[in-house]
There are 2 protein chains.
Amino acid sequence: MNDVLVVDDDPHILKALKITLHAHGYTVATAPDGESALRAAARHPFGVIVLDLGLPDIDGSTVITRLRQWSHVPILVLSARHGSDDKVRALDAGADDYVTKPFGLDELLARLRAVLRRSIQADDLPLVTTASFTIDLALRRVTRNGQDVRLTPTEWGILELLARNPEKLITQQQLLTEVWGAAYAKEANYLRVYMAQLRRKLEQEPGNPRHFLTEAGIGYRFIP
Amino acid sequence: MNDVLVVDDDPHILKALKITLHAHGYTVATAPDGESALRAAARHPFGVIVLDLGLPDIDGSTVITRLRQWSHVPILVLSARHGSDDKVRALDAGADDYVTKPFGLDELLARLRAVLRRSIQADDLPLVTTASFTIDLALRRVTRNGQDVRLTPTEWGILELLARNPEKLITQQQLLTEVWGAAYAKEANYLRVYMAQLRRKLEQEPGNPRHFLTEAGIGYRFIP
DNA sequence: TCCGGGCGTTAAGAAACCGTCAGGAACCGG
DNA sequence: CCGGTTCCTGACGGTTTCTTAACGCCCGGA
């Protein structure tokens, strides 16, 4: 479960990450390109895969897509580019989180821990609890201060998708296609309206949200 | 109910699991192969059986099939293989959950708890009581203020589905397909008519229901 | 400093939905 | 054949939910 596969074409980064991660108790395997990464992942079950988007052979999101065809292994994406297109595509393909280069090792380690923690507890999902409210996915109910909170179907759809992927960054397109349907993938307006309503109903300070965080230009993230 | 039977041919795993499970409050019995596992299960009623698929004598799914001929005991499968074929066969044969080796003990314990929790609440609750009426699911009877309430077959079908899932939100489609059949999944009209009748017969204030709550656009919820 | 894009907020009309009622069809036992 | 029960169906007003547009704010880039 502490096995990490690091995929990057830069041997320096590869070496640095290997040393750092090893020093923090992880067992590290490395791969220099997409094809060998896919082979390695097929041969050995890793606890998490750290994947650079800029690979020499295959596009990063393609690697993710092909991995996701048979595996739910958590994927943490590294990206040198600032453009958010790549990030959105990677996350839509099924990545769990991303870190922009240049990144601090502390941040990488923290996100690694978060991703691993989530994958362990992702099995049971009947109850999601936060400081100010509780989501019961089985009963389809949200409680706040002991009282039920009335949610409309759309509000619940958004909340459910976010709550099933705690800490994970969900893109606007994912939310829109999941809740409204594929034809609405461009209607980012709706999201703003309904995220505001969710925050008003669930956050202590809707103007300063602690559980429903916005990632500008990309999507939203739910923090339990 | 805390009795666990662990079936594995590797004595090391057997020993490790025995120690770990015992430390978590379970009473543990062990068996090294399929035949002795079946005998042990026949002799003593276990709360759950942890079964390795790779046994020396009988195939794992065969063990499950033979167990299922007379027992509903929850079965948690361990398997070293990654192929999903085994998984599907084991689950089809009647296994309740599945853990792939190598597995973290935390994960195993979590799944064990989940399996046990499910089997406990699956027991029977022939009697459901509320502030104003009582439902006897076994006798198919509803009593209010000591008097029987006459329910039509359709009304009973709705009430039974709701009462078997107290607090849980049942969607209109679930109700319609369960009570009327899959072809009626769109006839939300029927539901409104019959929910009104149920409320008139069972609620103290039919116009202000306390036990049969509406979730607009989704379905209904029964609160005991 | 100005500009533009993305975000949060609000409000109002449109659309969907709900509870209710009642008439008629279908079914069943006598 | 008849009476009673149950079920189906359409219509109506009131309510909830969805959609849509508009406005102001913040931030980063020119």
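The rules behind the values
Residues numbered from 1 in each chain as written. Chains lettered and ligands numbered in written order. Predicted model: local features only at pLDDT ≥ 70, side-chain atom pairs only at ≥ 80, totals over all residues. Heavy atoms only, no water. Near = heavy atom within 4 Å. Polar contact = N/O pair within 3.5 Å; in protein donor to acceptor, adjacent residues only side chain to side chain. Helix = DSSP H or I, 4+ residues; strand = E, 2+ residues; numbered from the N terminus. Nonpolar A, V, L, I, M, F, W, Y, C, P; charged D, E, K, R; others polar. Axes fitted to C-alpha atoms, helices over the stretch in contact; angles between N-to-C directions. Parallel < 35°, antiparallel > 145°, perpendicular 65-115°, else oblique. Left-handed = near helix turned anticlockwise from the far one by under 90°. Contact = heavy atoms within 4.5 Å. Pairing = 2+ DSSP bridges. Core = buried A, V, L, I, M, F, W, Y, C linked by side-chain atoms within 4.5 Å. Buried < 20%, exposed > 50% of the residue type's maximum accessible area, 1.4 Å probe, protein only.

(A) A look at the protein's contact with DNA strand D. Within the structure, DNA strand D sits among 17 residues, and T154(A), Y190(A), T152(B), T154(B) and Y190(B) are positioned closest to it. Sugar and phosphate atoms constitute 83% of the interface atoms of DNA strand D, taking the interface as everything within 4 Å of the protein. A distance of 3.4 Å separates a sugar or linking oxygen of DNA strand D from a polar side-chain atom of Y194(A). Here R150(B) contributes a side-chain N or O atom positioned 3.5 Å from a phosphate oxygen of DNA strand D. Breaking the surface near DNA strand D down by element, the ones donating at least two residues are α6 (153-163) and α8 (188-202) of chain A together with α6 (153-163) and α8 (188-202) of chain B. A breakdown of the residues in the surface near DNA strand D according to their chemical character gives 11 nonpolar, 4 polar and 2 charged.

(B) Layout of the packing of α6(A) against helix α7 (residues 172-179) of chain A. Residue and element names in this part refer to chain A. Running from N to C, α6 and α7 point in directions that differ by 130 degrees, and their axes come no closer than 10 Å. Here α7 runs oblique to α6, going by the angle between their axes. As for the relative orientation of α6 and α7, their crossing is right-handed in sense. Across the interface between the two elements, T154, G157, I158, L161 and L162 from α6 touch Q174, L175, E178 and V179 from α7. When the residues that make up the contact of α6 with α7 are grouped by side-chain class, the tally is 5 nonpolar, 3 polar and 1 charged.

(C) Inspection of the sheet that holds strand β10 (residues 169-171) of chain A at higher detail. All names here are of chain A. Spatially, the 3 strands line up as an open sheet ordered β10-β12-β11, and their pairing is antiparallel. Across the chains shown, the open sheet's two edge strands, defined by having one partner strand only, are β10 and β11 (212-215). Taken pair by pair, the neighbouring strands of this sheet meet at an average axis angle of 30 degrees, ignoring direction. The pairing of β10 with strand β12 (residues 219-222) spans 3 bridges and is classified as antiparallel. Opposite T171, over in β12, you have G219 as the bridge partner.

(D) Spatial organisation of the protein's contact with DNA strand C. Taken together, 20 residues form the shell around DNA strand C, and within it R199(A), T214(A), Q172(B), R199(B) and T214(B) come nearest. A share of 65% of the atoms of DNA strand C within 4 Å of the protein falls on sugar and phosphate groups. Taking Q172(A), its side chain carries an N or O atom lying 3.2 Å from a phosphate oxygen of DNA strand C. Residue G217(B) places a main-chain N or O atom 3.1 Å away from a phosphate oxygen belonging to DNA strand C. Elements represented by at least two residues in the surface near DNA strand C include exactly α8 of chain A together with α8 of chain B.

(E) The nonpolar core, seen in detail. All names here are of chain A. One finds V7, I49, L51, I64 and V77 to be the most contacted residues of the largest nonpolar core, which totals 27 residues. Contributing elements (two or more residues each) for this core: β1 (3-7), α2 (34-43), β3 (48-52), α3 (60-68), β4 (75-79) and α4 (84-93). Those residues in contact with V7 that sit more than four places away from it in its chain are L14, A31, D33, A37, I49, V50, L51, D52 and L55.

(F) Spatial organisation of the sheet that holds strand β8 (residues 141-144) of chain A. Residue and element names in this part refer to chain A. The strand order across the open sheet formed by 4 strands is β6-β7-β8-β9, and the pairing between neighbours is antiparallel. Looking at which strands have only one partner, the edges of the open sheet turn out to be β6 (127-129) and β9 (147-148). The pairing of strand β7 (residues 134-136) with β8 spans 3 bridges and is classified as antiparallel. Counted as the bridge partner of T134 is T143 from β8. Sheet strands in contact with α6 are β6, β7 and β8, and its direction is about 95 degrees off that of β7.

The quantities given are spatial measurements derived from coordinates; they are silent on function.
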